[in-house]
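The chain contents come next:
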Amino acid sequence: MSVAAIELIGVDKRFGSVHANRDIHLTIEKGTIHGIIGENGAGNSTLMSILYGFYQADSGEIRINGKTTKITDPNAAIGMGIGMVHQHFMLVENFTVLENVMLGVEGAPLLKNGIAKARAELKRLEQEYELDVDPDALIEELPVGLQQRVEILKALYRGAEILVLDEPTGVLTPPEADHLFRILEQLRDQGKTIILITHKLREIMAATDNVSVMRQGAVVATRKT
């Protein structure tokens, strides 16, 4: 039996009197698309924010690829191969696609040979995962579907093996959403692990292999889709 990509064991989080996450036990299998569904306020976004290092759990354990770890901030998450595409994009609108992808890793080994190497790596990722977008286009001139591709490319450029998408279709048209699901399937088929946070059953049925249901801060069921 293969080691799970992610195991959350007894994760608990409070914000004052609000019990956002209640003793969460969750296993995400490698190379799958795992949906997490619940009403607004069910605690799924809080849980993923803990996984990505925005919040610290009050108690519990996180295992990545079988190893217990402490994720202190998003940089630590990125270093462990976790990428996150937020519901509201984290892009600089008057920068190009390439500049946005490079932003934050300027001193990293990926850029030791300069912009030309970064451009070549971006092109490779676009071709491998069918995420075509003009590297020299300004973000503010791109439709939201292409902006979302840039967010995914940013995560892949940083070496993400686990990709978390928080309500990714909220700003997309139905055809754009369907195209996103095809991209996610291709990422999965290439060995990536995808976590899809949503409150839409259509998306769960269209895109996921497994699904966990959250209610009032707790995981109440996990099933094969």
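Before reading on, note that the structure itself is shown above.
In this report, the structure presented in the accompanying data block is examined.

Thoughts on the nonpolar core
Ranked by internal contacts, the top residues of the largest apolar core, which has 35 residues, are Val97, Val150, Ile152, Leu163, Leu165, Leu184 and Leu187. At the level of elements, α3 (97-102), α4 (115-129), α5 (144-157), β7 (162-166), α6 (174-189) and β8 (193-198) are the ones that each hand at least two residues to this core. In this structure Ile152 touches Val85, Leu131, Leu163, Leu165, Leu180 and Leu187, once residues within four positions along its chain are discounted. With 26 residues, the next largest nonpolar core counts Ala5, Ile6, Met48 and Met214 among its residues.

Focus on the pattern of salt bridges
Scanning the entire structure with this criterion turns up 13 salt bridges. In this structure, Lys224 and Glu29 form a salt bridge, with 3.9 Å as the shortest nitrogen-oxygen distance. Taken together, the residues span a long stretch of sequence, with Lys224 in strand β10 (residues 218-224) and Glu29 in the loop between β2 (18-28) and β3 (33-37) at a distance of 195 residues. According to the relative accessible area criterion, Glu29 is partly exposed, its value standing at 38%. Lys154 serves as the salt-bridge partner of Glu151, at 3.6 Å between the closest nitrogen and oxygen. In this pair, Glu151 and Lys154 are both assigned in helix α5, 3 residues apart and thus about one turn of the helix distant. Note on accessibility: Glu151 and Lys154 belong to one class, buried. Where salt bridges share partners, they join Glu7, Glu61 and Arg63 into one cluster.

A few points about the pairing of β2
Sheet topology note: the strand β1 (residues 6-15)/β2 ladder contains 8 bridges and is antiparallel. Residue pairing for β2: Ile9 is matched across the bridge by His25. A loop of 2 residues connects β1 with β2, the two strands running antiparallel in sequence, and Gly16 in this loop sits at a positive phi of about 65 degrees.

Describing the side chain of Ser49
When you line up the elements, Ser49 lands in helix α1 (residues 44-51). Not counting chain neighbours up to four residues away, the residues in contact with Ser49 comprise Phe54 and Tyr55.

Considerations on the sheet that holds β7
Taken together, 6 strands build an open sheet; the order of strands is β6-β7-β8-β3-β9-β10 and the sheet is mixed. Single-partner strands in this sheet number two, and they are β6 (82-85) and β10. Neighbour-to-neighbour, the strand axes of this sheet turn through a mean angle of 20 degrees, independent of strand direction. Both β3 and strand β9 (residues 210-215) contribute to a ladder of 4 bridges, which runs parallel. Pairing of His34 across the sheet is with Asn210, part of β9. The strands that α5 touches are β6 and β7; relative to β6, the one it contacts most, it runs at about 170 degrees.

A word on the pairing of β6
Burial of the side chains of β6 extends over both faces: Ile82 and Met84 are buried on one face and Gly83 and Val85 on the other. With 4 bridges joining them, β6 and β7 adopt parallel strand pairing. Each bridged residue has a counterpart across the sheet, and for Ile82 the counterpart in β7 is Ile162.

Details of α4
Here α4 spans 21 Å end to end across 15 residues, near enough to the 21 Å set by a 1.5 Å rise per residue. If you check which residues of α4 are buried, you get Ala118, Leu122, Leu125, Glu126 and Tyr129. Down the axis of α4, the buried side of the element spans an arc of 100 degrees, and every buried residue falls inside it. Facing away from the buried side of α4 by over 90 degrees, the exposed positions are Ala116 and Gln127. Contacts made by the buried residues of α4 are with α3, α5 and α6. Where α4 ends, the next residue or the one after it, Glu130, has phi of about 55 degrees, a positive value.

About the cut-offs
- Residues numbered from 1 in each chain as written.
- Predicted model: local features only at pLDDT ≥ 70, side-chain atom pairs only at ≥ 80, totals over all residues.
- Heavy atoms only, no water.
- Core = buried A, V, L, I, M, F, W, Y, C linked by side-chain atoms within 4.5 Å.
- Buried < 20%, exposed > 50% of the residue type's maximum accessible area, 1.4 Å probe, protein only.
- Helix = DSSP H or I, 4+ residues; strand = E, 2+ residues; numbered from the N terminus.
- Contact = heavy atoms within 4.5 Å.
- Salt bridge = Lys/Arg side-chain N within 4 Å of Asp/Glu carboxyl O.
- Pairing = 2+ DSSP bridges.
- Axes fitted to C-alpha atoms, helices over the stretch in contact; angles between N-to-C directions.
- Expected span 1.5 Å × (residues − 1).
- Arc of directions from axis to C-beta.

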